[in-house]
There are 2 protein chains.
Amino acid sequence: VSTEVDLVPELRVEAGSGSYPVLIELGAVDRVGEWLRQHAGGSKVMVVCDANTAAVAGERVAEAARAEIHTVPPGEQSKDVPHLEELSRAAARAGLDRGSIIVAVGGGVVGDLAGTLAATYLRGVRLVQVPTTLLAMVDSSIGGKVAVNLDEGKNLVGAFKPPQAVFIDPGLLIDLPVREFVSGMAEVIKSGLIADAELCTMLHNARVELQQRRPDVVTDVITRTCAVKVGVVSRDETETGERAILNYGHTFAHALEAASGYSPALTHGEAVSVGMGVAARLGQASGVTPSDVVELQAHLLAAYGLPSRSPVEVATDELIGAMAHDKKARAGEVGWVFLEAVGRASWGHAVAIEHVRDAVETAL
Amino acid sequence: VSTEVDLVPELRVEAGSGSYPVLIELGAVDRVGEWLRQHAGGSKVMVVCDANTAAVAGERVAEAARAEIHTVPPGEQSKDVPHLEELSRAAARAGLDRGSIIVAVGGGVVGDLAGTLAATYLRGVRLVQVPTTLLAMVDSSIGGKVAVNLDEGKNLVGAFKPPQAVFIDPGLLIDLPVREFVSGMAEVIKSGLIADAELCTMLHNARVELQQRRPDVVTDVITRTCAVKVGVVSRDETETGERAILNYGHTFAHALEAASGYSPALTHGEAVSVGMGVAARLGQASGVTPSDVVELQAHLLAAYGLPSRSPVEVATDELIGAMAHDKKARAGEVGWVFLEAVGRASWGHAVAIEHVRDAVETAL
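Not measured: the values here are computed from a predicted model.

Trainee: Please explain the overall build of chain A as it appears in this structure.
Mentor: Helix and strand content of chain A: 14 helices and 11 strands. Relative to its length of 364 residues, chain A is compact, with a C-alpha radius of gyration of 20 Å against a globular reference of 21 Å. On the principal axes, the C-alpha backbone points of chain A span a range of 60 × 40 × 35 Å. A sequence separation of at least 24 residues applies to 74% of the contacts in chain A between residues at least 6 apart. Surface accessibility of chain A: about 13,500 Å² in total, with carbon and sulfur atoms responsible for 51%. Taking the average place of the 31 positive charges on the side chains of chain A and the average place of its 46 negative ones, the gap between the two points comes to 5 Å.

Next up, the structure:
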């Protein structure tokens, strides 16, 4: 742990299950190999990536760390139990032991799959996250939630698995497809809206530089966004309270993704964008969200090319049904997250089903 | 937690990840249903058992708890990743949510499988252990270590998952096959040897009553044995130190089981018995274990029908190789547990490979 100081992390998660640095800097990916060699202590290291992220960063990290590398096919269909077993078997054959480190180099799918592997292989080995997409950088790589899918639903099998360190290299975003960049922006905007008014101002003023992915601006925005998540997760790791605000817009988003059969015509960010619109209208109808906040949110989302209505067709009833099945429901209850102001959210709001139906209909 | 007081547990594990009662009494299995109804809070409960334990206790518990029941085929081959996925899918279809409780009613296989399910389903739901074999009562149901097997080795995918409560009903042992009872006795004797000299005396004096499974004597012996494990686990949950003493005899035992291809001609208790013999001779050769301790151990094991030599044929080289692959090895090192006296053990002893070879040869 003492040697981690050399990372001079900009951020550090301080949660019950452990403390870890989040390093955000251009070229961070080139520091992973050395860090791994310092920390592996003679045990084997395994890099998990997909065919795309292998070329972008995975092979480079594995070579620098003198690590095994295991590549899964790109896409959500790799995030399942059979691939988890395949990786576990590869780890066993490669001789990974309790001192070993699993390194996730990729987007959310790789982070979840490798994270679940690290949580369960030998009842848990160390994990390092090297996110390669904007969405993974500002969201899934921080906080320790990892899971794989079942036929019955997404993220149903997993763990809380805090990593040893997160290495975020904004330079990797240069070649990220526009649609994926925009998808990640939905979580960035969400983070500003729920917890950082100044981030919202920055997003408003620096839109052009950000869309051009100017490295300094992208790094600043990622850092502020990660700071929101780091703060929330440090105060409430396992989502018994405040962490719920990170799900702003997500009750609807998860239901929309499920009801559309996880259509490739709908990114996670698009679903969250539409979901934030629904939550804002419900919050307004409930007297919690002021109308100027609803407008500012709509303006920001539109400015970054994010939709207010679902790009895929879904029946209202199917969507309402999917919302009731959301795994965050505890014994059938759904609590909504609402904005109280720009930069402030509250959670656990109950809404009558007829109001939900009205708001949902305007989004489909 | 406050309502748990009504169990008046004889023992309580106090570990970092949580505190839980271990109730040991005749008829304990008939108290599980009521406890579950009190604690489920409107969420669904799922009982996991195998075809044998369903009849012995599983169906009774499920009915009393108004719970779902899921039965897997008896035997080690059910303890794998595909069965874990099958159970996870059954839990999802049955509508288990974050407030749900998984109940393991069975031996070590069911406890491990259901425990891994509870550790990973929705990133963790509550677990209750209702062990039905002597081995599971005194060993696997306490301490939170759960795992399933891969083709590459046993217990390679799992978690530390402390249960909410352990219900031990010695009455269930009346119908346990003799060979399984004797297998469990190896862990009982081990517990006395490493941490409770008085338990060794009791085992020596009450041999006949115990072999007749007199309920009061069985209950006393289980309670003392569980107390050893509860104490050790409370002081060192994740096996960074003292918990290693519970592995007395197990370095060899695991290797013997692996090298014999997990032959049904070798029970876990028999493997542990032979392994304790090997460890005693190594401890004696290393000047740690006094010769009278070696003799007392041999006498106790023989008195309960446990072997000093492997009942299956295994080549020495294969066994030495399997020992080096033991998953407890960290970066290749194997630390041995030795007895210092009756009721006292120490761990982390290094032994030269030629001495290991000599001791192993006398056991094969």
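Next comes the rest of the write-up.
Trainee: Explain the relation of the copies chain A and chain B here, please?
Mentor: For these two chain copies, the linking operation is a rotation about an axis paired with a shift along it. The operation relating chain A to chain B is a screw motion whose rotation component is 180°, with 0.0 Å of axial translation and a residual RMSD of 0.0 Å. Read as a symmetry element, the transformation amounts to a two-fold axis.

Trainee: So what exactly am I meant to see when it comes to the sheet that holds strand β4 (residues 68-72) of chain B here?
Mentor: Residues and elements named next belong to chain B. One open sheet accounts for 7 strands, arranged β1-β2-β9-β6-β5-β3-β4; its pairing is mixed. Edge positions in the open sheet fall to β1 (11-15) and β4, since each of these has one partner strand only. For this sheet, the mean angle separating the axes of adjacent strands, direction not counted, is 15°. Where β1 and strand β2 (residues 18-24) come together, 5 bridges link them in antiparallel fashion. Residue pairing across strands places Val-13 opposite Tyr-20, the latter belonging to β2. Seen against the sheet, helix α9 (residues 215-235) touches β1, β2 and β9 (165-168) and runs at an angle of roughly 10° to β1.

Trainee: Explanation requested: empty space enclosed by the protein in the structure shown.
Mentor: If a probe as big as a water molecule is rolled over the atoms, it shows which places are left empty. Going through the model one piece at a time under the given rule, you end up with 8 cavities of 30 Å³ or more. Only α3 (81-93) and α4 (108-120) of chain A together with α3 (81-93) of chain B provide two or more residues apiece to the lining of the largest cavity. A breakdown of the residues in the lining of the largest cavity according to their chemical character gives 6 nonpolar, 5 polar and 2 charged. One number sums up the size of the second largest cavity: a volume of about 60 Å³. Lining the second largest cavity are 15 residues, and of these Gly107(B), Gly111(B), Gln129(B), Ser140(B) and Ser141(B) sit closest to its centre. Grouping the amino acids of the lining of the second largest cavity by side-chain chemistry returns 6 nonpolar, 7 polar and 2 charged.

Trainee: Looking at this structure, how should I read the pairing of strand β7 (residues 145-150) of chain A?
Mentor: For a regular strand, side chains alternate in direction, first toward one face of the sheet and then toward the other. All names here are of chain A. Counting buried positions along β7 yields 6 of 6 residues, so the element is predominantly enclosed. Note that β7 and strand β8 (residues 153-160) share 5 bridges and pair antiparallel. Its bridge partner being in β8, Val-148 is matched across the sheet by Val-157. Connecting β7 to the next strand, β8, in antiparallel fashion are 2 residues.

Trainee: Sorry if this is basic, but what is going on with the state of the cysteines here?
Mentor: When the sulfur atoms of two cysteines share a covalent bond, that bond is a disulfide. Residues and elements named next belong to chain B. For the structure shown, the criterion picks out 0 disulfides over all chains. In this structure Cys-200 is a free cysteine whose sulfur lies 16 Å from that of Cys-226, the closest cysteine sulfur available. Since its relative accessible area comes to 5%, Cys-200 is described here as buried.

Trainee: I keep staring at the packing of helix α10 (residues 250-259) of chain A against helix α13 (residues 316-324) of chain A and nothing clicks. Help me out?
Mentor: If you want to describe how two helices pack, look at the angle between their axes and the distance between the axes. Residue and element names in this part refer to chain A. Running from N to C, α10 and α13 point in directions that differ by 120°, and their axes come no closer than 8 Å. On the basis of their axis angle, the class for α10 and α13 is oblique. The chirality of how α10 crosses α13 is right-handed. Contacts between α10 and α13 involve Thr-251, Phe-252, Ala-255, Leu-256, Ala-258 and Ala-259 on the former and, on the latter, Glu-318, Leu-319, Ala-322 and Met-323. Classifying every residue of the contact of α10 with α13 gives 8 nonpolar, 1 polar and 1 charged.

Trainee: What is the right way to read the packing of helix α11 (residues 268-285) of chain B against helix α12 (residues 291-303) of chain B from this model?
Mentor: Residue and element names in this part refer to chain B. At a closest axis distance of 10 Å, the pairing of α11 and α12 adopts a crossing angle of 170°. By the angle class used here, α11 and α12 are roughly antiparallel. For the pair α11 and α12, contact is made by Ser-273, Met-276, Gly-277, Ala-280 and Gln-284 and by Ser-291, Val-294, Gln-297 and Leu-301, respectively. Taken together, the residues that form the contact of α11 with α12 break down as 4 nonpolar, 5 polar and no charged.

Trainee: Just to check I follow, could you spell out the interface of chain A and chain B for this structure?
Mentor: Size of an interface, as often reported, equals the accessible area lost when the parts are brought together. In this complex, chain A contributes 37 residues to the contact, which on the side of chain B involves 37 residues. A buried area of about 3,200 Å², summed over both sides, lies between chain A and chain B, and 55% of it is on carbon and sulfur atoms. A per-residue breakdown of the area chain A buries against chain B is headed by Arg98(A), Arg123(A) and Glu152(A), which together make up 24% of the total. At the junction of chain A and chain B, the tally comes to 6 salt bridges. Here Glu152(B) makes a salt bridge to Arg93(A), at a shortest N to O gap of 2.9 Å. At the junction of chain A and chain B, the tally comes to 10 residue pairs in polar contact (both at pLDDT 80 or more). Listing elements by their share of the side of chain A that touches chain B, those giving two or more residues are α3, α4, β7 and β8 of chain A. By residue number, the principal contributor to the side of chain A that touches chain B is α3(A), which donates 7 residues.

Procedures and definitions
Residues numbered from 1 in each chain as written. Chains lettered and ligands numbered in written order. Predicted model: local features only at pLDDT ≥ 70, side-chain atom pairs only at ≥ 80, totals over all residues. Heavy atoms only, no water. Helix = DSSP H or I, 4+ residues; strand = E, 2+ residues; numbered from the N terminus. Rg over C-alpha atoms; globule rule 2.2 N^0.38 Å. Contact = heavy atoms within 4.5 Å. Areas by Shrake-Rupley, 256 points an atom, 1.4 Å probe, with all protein chains shown as cover. Lys, Arg positive; Asp, Glu negative; His and termini not counted. Charge placed at Lys NZ, Arg CZ, Asp CG, Glu CD. Least-squares fit on C-alpha atoms with pLDDT ≥ 70 in both. Pairing = 2+ DSSP bridges. Axes fitted to C-alpha atoms, helices over the stretch in contact; angles between N-to-C directions. 1 Å grid on protein atoms, 1.4 Å probe; cavity = no way out; pocket = protein on both sides within 12 Å on 5 of 7 lines; lining within 4 Å. Points joined across faces, edges and corners; volume = space filled by probe spheres on them. Nonpolar A, V, L, I, M, F, W, Y, C, P; charged D, E, K, R; others polar. Buried < 20%, exposed > 50% of the residue type's maximum accessible area, 1.4 Å probe, protein only. Disulfide = S-S within 2.5 Å. Parallel < 35°, antiparallel > 145°, perpendicular 65-115°, else oblique. Left-handed = near helix turned anticlockwise from the far one by under 90°. Buried area = accessible area lost by both parts, 1.4 Å probe. Salt bridge = Lys/Arg side-chain N within 4 Å of Asp/Glu carboxyl O. Polar contact = N/O pair within 3.5 Å; in protein donor to acceptor, adjacent residues only side chain to side chain.

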